[in-house]
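# Breakdown of the fold
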Amino acid sequence: MKLTRRTTLVAFAALLSIGTAMPAYAADLIAIITPSHDNPFFKAEAVGAEAKAKELGYEALVLVHDDDANKQSELIDTAIGRGAKAIILDNAGADASVAAVQKAKDAGIPSFLIDREINATGVAAAQIVSNNYQGAQLGAQEFVKLMGEAGNYVELIGKESDTNAGIRSKGYHDVIDEFPDLKMVAAQSANWSQTEAYSKMESILQANPDIKGVISGNDTMAMGAYAALVAAGKGDVIVVGFDGSNDVRDSINSGGIKATVLQPAYAQAQMAVEQADAYIKTGKAPAEEKQLMDCVLITAENAPNLETFALKN
Amino acid sequence: MFKRLTCLIVAATAGALSLSACKILPTPSGDEVDAAAFNPDAMVTEIWTSRVIPYLQAKAASFAEVEAAAKADPEAAGTKYGNPNKQASSPWTYAVTLDGTIVGSNTKSRAATIDVDVDGDGKADARVQFGPAMRGTSLRDSLDFVNFNEFTNQIDFAQYGKAFNTYVDSTVLSKLPREDLEGRTAKVLGAYSTNKGSDLPLVTPAEVEIGPKP
């Protein structure tokens, strides 16, 4: 009898503790919207944001817009409909996204942009982006050094709707064009895509077999280009990427791709969630809407310390 | 000045419709409209003598003083010798003066540099960019009246940063001698940011005086 009573008590206590762990109201929701997770960079953003949101006691709604502005608009509607308290967004186009972010704002939901800017201020609560120009200059300076300030090279450019494609290309050229002996024999967009970079590189090589280097707007395109170069027996061509993915890290470690530039994607996504949390709790937006995060050059020296878009000390 | 900047930015975003209000010549394609409306070189030229040089002169201290302060407390040093409103994750950029002797140079590279000894021990203490190719945006980043939030996007902000380097190269560096530099004196007013590597601190100059051959 005693035993039973104790068991009941224990059971009752257990029930109570479950009760406190599950409040009557569901946790506040934060929507996390990024491009496709096929690119590990965007996946790292989503994972970083989701982890931070859960850590801070939120429910996370993770969605992908696949760089389609219409789909992004629908996802914003979904976030509004689900009563999200904040949106973490890596957007689908600097111009096309302004209306979508405005729509969320009109519905009383602040957006915290990461990675890519939009061409408007006062619409998003925050725009936390990598200093792509600074990063591109780092990558280009290393590229120039590796090339010995001379030789034929190819540039692979990202998706045109993404500001970062333009800014990186600009950062590259502001450095490389100062060296007249470096000759760009081809420049093509491979839309951030590994498979597209592979096929573009194949055809570029047919027209320009004599190339010494490839500078790429991101790591997935660098991976595609390097695979095409290896397939053509040109594995010694100097390839430099941008992002700091684990794939490129492994390639650098094994002497393939020569360098990349790390964007702190994981930390950036987490910072956005922290700012969203502060906004939800205090109603205060960050002091500066536009915030730049510096990038870091990754070479064989520090590549071993790179893991999931973060550099271990 | 930034009122005008805002006006230019509005013009650039709004496109041809509002261009007339800013007295900007209309140009057909999107890119050209942007280039016509946003002119970083003109913006830098306009503020160089009136604001940039006086600011750097007022903020700068000797290399020895800035280095010691930066090592002791980067943030306090950055506030004193640089831009306290800098982006949170960017390194501090300090205004600095160098007064010493050139002990090394690399003018073969397009990104030429001179190495300056300021404490008289015969060893280089700082490396000064000598153009025509120049790295980074130290001059822009040292200025406390420049704010990224007042630019349409990173591209404009970057072009603005680059315009400082271009201006210094065309008005100062391209007029300096490039041969037989070792042993000559160098006086420099410029800016640099702390670097973690083992390389010499890289100073981007705003003013440079090279002494006669010894």
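Residues numbered from 1 in each chain as written. Chains lettered and ligands numbered in written order. Predicted model: local features only at pLDDT ≥ 70, side-chain atom pairs only at ≥ 80, totals over all residues. Heavy atoms only, no water.

### Quick look at the overall build of chain A
Selection rule: Strands here mean DSSP runs of E at least two residues long; helices mean DSSP runs of H or I at least four residues long; both are numbered from the N terminus. Per-residue accessibility, obtained with a 1.4 Å probe over protein chains only, is compared with the maximum for each type, and a residue is labelled buried under 20%, exposed over 50%, and partly exposed between these values. Note on definitions: a residue-residue contact is assigned when non-hydrogen atoms from the two residues lie within 4.5 Å. To measure how exposed things are, a 1.4 Å probe is used in the Shrake-Rupley method; for residues, cover is taken only from the protein chains shown. Neither His nor the chain ends contribute to the count of charged residues, in which Lys and Arg are positive and Asp and Glu negative. In plain terms, the charge of a residue is placed at NZ if it is Lys, CZ if Arg, CG if Asp and CD if Glu.
Across its full length, chain A holds 10 helices and 14 strands. Dimensions along the principal axes, computed over C-alpha positions, put chain A at roughly 90 × 50 × 30 Å. For chain A, buried positions account for 52% of its 313 residues. Of the contacts made within chain A by residues no fewer than 6 positions apart, 74% connect residues no fewer than 24 positions apart. Of the roughly 13100 Å² of accessible surface on chain A, a fraction of 55% belongs to carbon and sulfur atoms. Distance between charge centroids for chain A: 10 Å, based on 26 positive and 40 negative side chains.

### A closer look at the packing of helix α5 (residues 63–72) of chain B against helix α6 (residues 74–81) of chain B
Residue and element names in this part refer to chain B. For clarity, the cut-off: Axes here refer to lines fitted to C-alpha atoms; in helices the fit is confined to the stretch in contact. Angles between the N-to-C directions go from 0 to 180 degrees. For classification purposes, angles smaller than 35 degrees are called roughly parallel, those larger than 145 roughly antiparallel, those between 65 and 115 roughly perpendicular, and all remaining angles oblique.
Running from N to C, α5 and α6 point in directions that differ by 140 degrees, and their axes come no closer than 5 Å. In this view, α5 runs oblique relative to α6, as classed from their interaxial angle. Counted together, Glu65, Val66, Ala69, Ala70 and Ala72 of α5 and Pro74, Ala77, Lys80 and Tyr81 of α6 form the full contact between these two elements.

### A few points about the packing of aromatic side chains
All names here are of chain B. We count it as follows: Working definition: rings of Phe, Tyr and Trp (its six-membered ring) pair if their centres are within 6.5 Å, and the pair is stacked with planes under 30 degrees apart, edge-to-face with planes over 60 apart, and tilted otherwise.
Tallied over the full model, the rule gives 14 aromatic pairs over all chains. Seen in terms of ring centroids, tryptophan 48 and phenylalanine 164 are 6.5 Å apart; in terms of plane orientation they differ by 50 degrees. Their pairing is tilted. A residue pair is termed long-range when its members are at least 10 positions apart, and tryptophan 48 in helix α4 (residues 40–59) and phenylalanine 164 in helix α8 (residues 154–171) qualify at 116 residues. Overall, the relative accessible area of 6% leaves tryptophan 48 in the buried class. With centroids separated by 5.8 Å and ring planes inclined at 55 degrees, the aromatic side chains of tyrosine 94 and tyrosine 192 adopt a geometry described as tilted. Highlighted residues: tyrosine 94 in strand β2 (residues 93–106) and tyrosine 192 in strand β5 (residues 185–193), separated in sequence by 98 residues. An identical accessibility class is assigned to tyrosine 94 and tyrosine 192; each is buried. Pairwise contacts between aromatic rings join Phe38, Trp48, Phe148, Phe151, Phe157, Tyr160, Phe164 and Tyr167 into one cluster.

### Overview of the sheet that holds strand β8 (residues 213–216) of chain A
Residues and elements named next belong to chain A. Going by this rule: Whether two strands pair comes down to DSSP finding at least two bridges between them.
Pairing in this open sheet of four strands is parallel, and the strands run β7-β6-β8-β9 from one edge to the other. What marks the edges here is a single partner per strand, and that holds for β7 (182–189) and β9 (238–240). For this sheet, the mean inter-axis angle between neighbouring strands, taken without regard to orientation, is 15 degrees. Contacts between helix α7 (residues 194–207) and the sheet are confined to β6 (151–157), β7 and β8, with β7 contributing the most and set at about 135 degrees to the helix.

### Observations concerning the interface of chain B and chain A
Quick reminder of the rule: The quantity reported as buried area is the accessible area (1.4 Å probe) lost by two parts once they are put together, taken as the sum for both. Between Lys or Arg on one side and Asp or Glu on the other, a salt bridge is scored when a side-chain nitrogen of the former is within 4 Å of a carboxyl oxygen of the latter. Ten residues, namely Ala, Val, Leu, Ile, Met, Phe, Trp, Tyr, Cys and Pro, are considered nonpolar, four, namely Asp, Glu, Lys and Arg, are considered charged, and the remaining ones, Gly among them, are considered polar.
Counting residues at the interface gives 26 residues for chain B and 27 residues for chain A. In total, chain B and chain A occlude about 2200 Å² of area from one another, counting both sides; carbon and sulfur atoms represent 49% of this. Of the charged contacts in the structure, one is a salt bridge between arginine 110 of chain B and glutamate 178 of chain A, with a shortest N-O distance of 3.9 Å. A per-element tally of the side of chain B that touches chain A places α8 of chain B first, with six residues. Here the side of chain B that touches chain A is built from residues that sort into 10 nonpolar, 13 polar and three charged.

### Description of the nonpolar core
One broad trend across soluble globular proteins is that nonpolar side chains are buried collectively. Let me state the cut-off plainly: The set of buried Ala, Val, Leu, Ile, Met, Phe, Trp, Tyr and Cys residues whose side-chain atoms join them within 4.5 Å is what this entry labels a nonpolar core.
Judged by nonpolar contacts, the single largest core of 56 residues is most densely connected at Trp48, Tyr160, Phe164 and Ile210 of chain B. The residues touching isoleucine 210 of chain B, leaving out its near neighbours within four places in the chain, are Ile102, Ile114, Phe130, Leu176, Pro177, Leu181, Arg184, Thr185 and Ala186 of chain B. If you look at the next biggest cluster of nonpolar residues, it comprises 32 residues, including Phe41, Ala228, Leu229 and Val237 of chain A.

### Some remarks on the domain arrangement of chain A
Accessible area lost upon the coming together of the parts is a frequently used measure of interface size. All names here are of chain A. This is how the line gets drawn: What marks off one domain from the next here is an automatic or database domain assignment.
Entries for chain A in the domain assignment read domain 1 (29–128 + 265–293) and domain 2 (132–262). Centre-to-centre separation of domain 1 and domain 2, based on C-alpha positions: 29 Å. Opposite the nine residues of domain 1 that make contact, domain 2 presents 11 residues. In total, about 820 Å² of surface goes out of reach between domain 1 and domain 2, with carbon and sulfur atoms giving 44% of it.

### A short note on the pattern of salt bridges
One side chain can pair with another of opposite charge once the charged atoms of both are near each other. Under the counting rule described, the total for this entry stands at 25 salt bridges over all chains. One salt bridge connects lysine 200 of chain A with glutamate 196 of chain A, and the closest N-O pair in it is separated by 3.2 Å. Here glutamate 196 of chain A and lysine 200 of chain A lie together in helix α7, a separation of four residues that amounts to about one turn. Among the residues examined, lysine 200 of chain A registers a relative accessible area of 22% and is labelled partly exposed. For lysine 213 of chain B, the salt bridge is made with aspartate 180 of chain B, and the minimal N-O distance between the two is 3.6 Å. Of this pair, lysine 213 of chain B sits in the segment after β6 (202–210) while aspartate 180 of chain B is found in the loop between α8 and β5, placing the two residues 33 residues apart along the sequence.

### A short note on the environment of alanine 72 of chain B
Residues and elements named next belong to chain B. Relative to the helices and strands, alanine 72 is located in helix α5. Residue alanine 72 is classed as exposed on the basis of its relative accessible area of 67%. Distance in space between the C-alpha atoms of alanine 72 and leucine 181 is 33 Å, their sequence separation being 109 residues.

### Focus on the side chain of glutamine 137 of chain A
Mapped onto the fold, glutamine 137 of chain A is located in helix α5 (residues 132–147). Among all residues touching glutamine 137 of chain A, those that are not within four sequence positions of it are Gly171, Asp174 and Val175 of chain A together with Arg135 and Gly136 of chain B.

### Re the sheet that holds strand β2 (residues 59–64) of chain A
Two pairing modes exist for strands in a sheet, parallel and antiparallel, and in both the strands are linked by backbone hydrogen bonds. Residue and element names in this part refer to chain A. The strand order across the open sheet built from six strands is β2-β1-β3-β4-β5-β11, with neighbouring strands paired in parallel fashion. Sheet topology places β2 and β11 (290–293) at the edges, where each strand pairs with a single neighbour. Mean inter-strand twist for the sheet, computed between neighbouring axes without regard to direction, equals 15 degrees. Note: strand β1 (residues 29–34) against β2, six bridges, orientation parallel. Note on β2: the bridge partner recorded for leucine 29 is glutamate 59. Along the sheet, helix α2 (residues 40–55) contacts β1, β2, β3 (86–89) and β4 (111–114); its crossing angle with β1, the most-contacted strand, is approximately 175 degrees.

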